[in-house]
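Chain residues, written in single-letter form:
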Amino acid sequence: MSYKQLIYPNINIGATAGWCLKYVDDTVNAPQRSVNAQIAYNIANTKGWVKADTAFPKNVWFVLFWSINRGPNTGQGHVALAYVNSNGAIQIHDSEVHSGSRGIYTSLAEISNWFANFGFQYLGWSIGVDGVQLIAGKDESNDDNGKKEGDFKMYCIINNGTGLLFFNGQNMTSLTDPDEMKVLNTIYKANTGKDIPIMDWSNRSAPWDARLQRVVNGLKK
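Residues numbered from 1 in each chain as written. Predicted model: local features only at pLDDT ≥ 70, side-chain atom pairs only at ≥ 80, totals over all residues. Heavy atoms only, no water.

Student: Describe the overall build of the protein, with residues and values.
Tutor: Within the protein, the secondary structure is distributed over six helices and 13 strands. Its C-alpha radius of gyration of 18 Å places the protein within 12% of the 17 Å reference for a compact globule of 221 residues. Judged by the C-alpha coordinates and their principal axes, the protein covers about 60 × 40 × 30 Å. The buried share of the protein, reckoned over its 221 residues, is 43%. A sequence separation of at least 24 residues applies to 64% of the contacts in the protein between residues at least 6 apart. Separation between the mean location of the 20 positive side-chain charges and that of the 19 negative ones in the protein comes to 4 Å. (Helix = DSSP H or I, 4+ residues; strand = E, 2+ residues; numbered from the N terminus. Rg over C-alpha atoms; globule rule 2.2 N^0.38 Å. Buried < 20%, exposed > 50% of the residue type's maximum accessible area, 1.4 Å probe, protein only. Contact = heavy atoms within 4.5 Å. Lys, Arg positive; Asp, Glu negative; His and termini not counted. Charge placed at Lys NZ, Arg CZ, Asp CG, Glu CD.)

So, in structure tokens, the structure goes:
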């Protein structure tokens, strides 16, 4: 499949070494910022954005994910942006590159060697990250294909920092299995042509989920 670029990342912004997700999120001005790259991967994978192969799209920018399985950063993951030209040459950009710690990677092996002490494991490439879809297949339409959102306008998934909740405009319920989020997104997309919104309200100093529920409860009276 050939792909078209929906969002062009600003790859030349500055970065701080070790803050890989912040760098990638900053390049696309991501509205939904996960705590770390592993969580960002989990969300993208649940949305069906990740492909666990190396059949990379060409002449567009896309996202790469790895897990970290050794050392103090175990479980936090790693994320980068990549571009493959018509000849198959790849360039990979992350916070290490744009903090000035090293040059641009030109292969998966090169970035794996750089992080060899971290127990690096490639997870796959993604069409987007943290709520931003960078690319789409050229046979995919940008419109809603005649579908109307109707009662789905308030549907969303909420990350409240302790778990995931589903909100249907009237009530909330906890999600206990990743497949629950996946099936909800499948149904929502079938009816609206869009992915279900994911609200990152993990900052517990502002419990937005509880405040939303209070508003909804007030409307029911």
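There's more to say after this.
Student: Before we move on, can you summarise the layout of surface pockets with the specific residues and values?
Tutor: Where empty space is left in the structure can be found by rolling a water-sized probe over the atoms. The computed volume of the second largest pocket comes to approximately 370 Å³. In terms of lining residues, the second largest pocket is bounded by 20 residues, among which Gly18, Trp19, Cys20, Leu21 and Gln76 are the most central. At the level of secondary structure, the elements contributing two or more residues to the lining of the second largest pocket comprise helix H1 (20–28) and helix H3 (95–98). Of the residues forming the lining of the second largest pocket, the biggest block, four residues, is contributed by H1. (1 Å grid on protein atoms, 1.4 Å probe; cavity = no way out; pocket = protein on both sides within 12 Å on 5 of 7 lines; lining within 4 Å. Points joined across faces, edges and corners; volume = space filled by probe spheres on them.)

That's the geometry; what it means functionally is another story.
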